[in-house]
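Spelled out from the first residue to the last, the chains are:
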Amino acid sequence: MRGSMMAKLAFLGLLLLCAAAVEAREPKSKNPPIKNLPAAPKACTKELRKKIVWGGATSAYQIEGAWNEDGKGPSIWDTFSQKGGETVDNANGNVANDFYHRWQGDVAMMKKLGVKTYRMSIAWTRIVPTGAAGSPINAKGVEFYRTLITELLKNGIVPAITMFHWDLPQGLQDTIKGFHAEGTAFQDAFVYYADTLFRELGPLVKLWMTFNEPMSICDLGYGQGVFAPGIKGGAAGQYKCGHNLLLAHAKTVKLYREKYMGAQDGKISMALDGKYGYPLTDSAADKQAAQYWMEFQYGWMADPVYFGDYPTSMHKFMGDKLPKFTPEESVLLKGSQDYFACNFYNGYFIKAPADPNSEFPYEVTMKNEKGQWVGEPSASSWLFRTPDGLRKTLVWLDSRYSVDGRKVEFTISENGVSGPGEASLRPPAVLQDNYRLRYYSTYLDNLCLAITEDNIKFSTYWAWSLWDNFEWRQAYTERFGMIYVDLKNGLERVPKASAYWMSKYFWSESALFESSYYKGLYKNRHASKERKARKSSKA
């Protein structure tokens, strides 16, 4: 008896020592969870929240760092930000959040918060350093992403992979002019890269997106030239870029469906961006201008993948600036999207152009005739809180693309906001992000109304973004994260109020594998879990 008691005491002592060691390794946060969180949006009932899969999103260049480690080649954003003069404070993403070295802790934090799906991008130059079709594959890059994705799945977090989030290999820009390549050179390079991803990571991935935000890639990068690679090609440059992008997308989807779909059984799309167009007045002219705006925003990319060609209005107003598809290309494009991934942030006022010879059939303004902003301003000059714009956009898209009795399946692949004043704040003040809470609450309310009242078919929502990160030209002066990243003190991560709110009402309540959508995508995994549960209950 005495021996038994001694053994128990020894075992208890060991447990206490282990607990002390864990406490030493993981000290209690100096910033405890924020209390008194606001209620969930009224339209987002608990029953509805359980039917949707809720997650968060980031991109490789904005968080990874390690820009030249383990065989990674340079991207256009490495070049663009490192040359100086293009970003606030000449900052760059060389280190960013250092996710490349800290990802284990970040995955653990996602699990703790209850995140159910993580939309992430792959750095093209980590996989194919030069970007060229047929060039060597970087095994260390493949292994990094395979290990990360495996760990996400182990923690019950479904990965959604974006193949391209703006970080084009510099080698492709230098040798073939990137998205302005002649012939099929760019398309071939992208398909080679995509084929590598399908082969190496495909068995672990069910959700794919080829390109993130064609509007930003082509307008800002190859039209206005204010983003990498800085090509000022005007409307013609923007649409040439878009044409190459669309054909690369369609060829990638064809490859996936013919070569991998049978074994991997996933879904593929691309993440389209746009701003909702509020007619400035009730005049017929302003309403028509707003319709044109939506066609130039979303229809530019969505019409080809649903109907095989650009909107009629774009052909009418752009003329020769808009490339033409061959009949074979139209067939290739039509139907090349399994679900509609929509990035949405806000809307603008749209009015008829004052000049009848204007290049575009609309004018954009952020204020109405009374001088009032279109919505509550954020920390970003382009971004305002216009929550009903999300609902109106989904209704507009559903009306246009749900044809022949087939409902389009929607996801929100990005939605979020930069908090006013956050860049100059530190904990604990920065953690009480009330503006972001107000933004998410009102936007999600409108999303739920779109589902329940407008009959929108919806499966997944990814908030942007999980962490504060490198915000392109604005670098680290605009914070979109629900998790604070301390740039001056070791890159410590601390959840803000919005993260706890999202965790309480959305991430933690989302019954991932109870969702009919994800049951289908992960049917084998789900069946395996059910078998284990039955075996356990019998035992």
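The model shown is predicted, which means the values in this text are computed figures rather than measured ones.

Helices and strands together make up the secondary structure of the chain, namely 19 helices and 13 strands. Across the 539 residues that make up the chain, the buried fraction comes to 57%. Taking the contacts inside the chain whose residues are at least 6 apart along the sequence as the reference set, 77% of them involve residues at least 24 apart. Of the roughly 22,300 Å² of accessible surface on the chain, 54% is carried by carbon and sulfur atoms.

This next bit is on the confidence of the model for the chain. Across the chain, pLDDT averages 91, with 88% of residues at or above 70. Below pLDDT 50 for its whole length, residues 1-29 participates in 1 contact with residues either more than four positions away or in separate chains. Note that residues 526-539 has pLDDT below 50 and, in this model, 4 contacts with residues that lie over four places away or in other chains.

Mapping T117 onto the fold places it in strand β2 (residues 117-121). Since its relative accessible area comes to 0%, T117 is described here as buried. For T117, the side chain forms a polar contact with the side chain of W462, separated by 3.0 Å.

This next bit is on helix α15 (residues 388-401). Taking 1.5 Å per residue, 14 residues should reach 20 Å; α15 reaches 20 Å between its end C-alpha atoms and fits that length. Among all positions in α15, only G389, L390, T393, L394, W396, L397, D398 and Y401 are buried. The inward-facing, buried residues of α15 contact β5 (267-279), α12 (284-307), β6 (340-351), β10 (409-414) and α16 (434-453).

Tallying each qualifying case throughout the model produces 2 disulfides. Covalent S-S linkage joins C44 and C448, the inter-sulfur distance amounting to 2.1 Å. Because the sign of the S-S torsion sets the handedness, a value of about 100° for the bond joining C44 and C448 places this disulfide among the right-handed ones. Separated by 404 residues along the polypeptide, C44 in the loop between α1 (2-25) and α2 (46-51) and C448 in helix α16 bring together distant segments of the chain. Taken individually, C44 and C448 each receive the classification buried, so the pair is uniform in this respect. Once the disulfide-bonded cysteines of the chain are ranked by sequence position, their pairing pattern turns out to be 1-4, 2-3.

Conventions and cut-offs
Residues numbered from 1 in each chain as written. Predicted model: local features only at pLDDT ≥ 70, side-chain atom pairs only at ≥ 80, totals over all residues. Heavy atoms only, no water. Helix = DSSP H or I, 4+ residues; strand = E, 2+ residues; numbered from the N terminus. Buried < 20%, exposed > 50% of the residue type's maximum accessible area, 1.4 Å probe, protein only. Contact = heavy atoms within 4.5 Å. Areas by Shrake-Rupley, 256 points an atom, 1.4 Å probe, with all protein chains shown as cover. pLDDT = per-residue confidence, 0-100. Polar contact = N/O pair within 3.5 Å; in protein donor to acceptor, adjacent residues only side chain to side chain. Expected span 1.5 Å × (residues − 1). Disulfide = S-S within 2.5 Å.

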